[in-house]
Amino acid sequence: MKTVRENLLYLFLTAVVVVGGYAFLRYSYRVMDQAPFTQEIVLIILGTVATVLITAMLLNKQTEVELKKEQSIKFIELKSDIYMDFISHIEQIILEKSVTEEDHVRLQFLTHKLAMVASPAVLEQYQQFLRVFNRSTRDESLDKQEGDAISSALALLTVKIRQDLVGELDAEGIYDMSTISRQVIDNARESSHG
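Conventions used here
- Residues numbered from 1 in each chain as written.
- Predicted model: local features only at pLDDT ≥ 70, side-chain atom pairs only at ≥ 80, totals over all residues.
- Heavy atoms only, no water.
- Helix = DSSP H or I, 4+ residues; strand = E, 2+ residues; numbered from the N terminus.
- Buried < 20%, exposed > 50% of the residue type's maximum accessible area, 1.4 Å probe, protein only.
- Contact = heavy atoms within 4.5 Å.
- Salt bridge = Lys/Arg side-chain N within 4 Å of Asp/Glu carboxyl O.
- Patch = residues over 30% accessible without salt bridge, like charges linked within 9 Å, V, L, I, M, F, W, Y side chains within 5 Å.
- Areas by Shrake-Rupley, 256 points an atom, 1.4 Å probe, with all protein chains shown as cover.

*Asks:* Which parts of the structure should I look at to understand the side chain of Lys79?
*Replies:* Along the chain, Lys79 turns up in helix H2 (residues 36-96). What makes Lys79 buried here is its relative accessible area of 9%. Excluding residues within four positions of it along the chain, Lys79 makes contact with Val117, Asp164 and Leu165.

Okay, here's the thing in structure tokens:
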């Protein structure tokens, strides 16, 4: 809202300078008919002021765009960090083949972090993941079958995370989203049977 007001202010000032300059120029032409040098100075001043105002408006807009871009980059970095932290935590649980109370508490806090940054599709798939995870970790130990179930649920979640982070780039590529999803799930299945 602030930049809109600033842009309107610059536009108003430009209009005032142009109209005022035009009125002054008309007056100068009548009064200084014998001195064309004065008329040229007025035109130079008028052009300079208009150029300064237009340049200020353009720089203001450019700064606004750069700030939005910077915020977007920081937000994607934050998302990536939280997603990677979550996947690392699940990796640690599966490697240890047991789930402690501390693991559940850490997962609760990762859930809160995900709630802040994840897209609705990721949150929906995360809920499905949690169902599988909670079902598989009721007895606080993980066997191969439970680990595979968690890994499969994580693969589905990873597809949604990928869409959240790089979905626009994937859409521009030669592969469609269903092909990428199928490949991620197949890779997860293959790695769990390897």
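*Asks:* What should I look at first to understand the pattern of salt bridges in this one?
*Replies:* As enumerated under the stated definition, the model contains 4 salt bridges in all. For Lys61, the salt bridge is made with Glu64, and the minimal N-O distance between the two is 3.9 Å. Taken as a pair, Lys61 and Glu64 lie in helix H2 at a separation of 3 residues, close to a single helical turn. A salt bridge links Asp85 to Arg106, with the nearest nitrogen and oxygen atoms 2.7 Å apart. One end of the pair, Asp85, is in helix H2; the other, Arg106, is in helix H3 (residues 101-117), and 21 residues separate them in sequence. A residue is classified by how much of its surface remains accessible, and Arg106, at 34% relative accessible area, is partly exposed. A single network of salt bridges, built from pairs that share partners, joins Lys61, Glu64 and Lys68.

*Asks:* Please explain a nonpolar patch on the surface as it appears in this structure.
*Replies:* There is a patch of nonpolar side chains on the surface, built from Leu9, Phe12, Leu13 and Val16 and spanning about 360 Å² of accessible area. In this fold, Leu13 is placed in helix H1 (residues 2-31). According to the relative accessible area criterion, Leu13 is partly exposed, its value standing at 34%.

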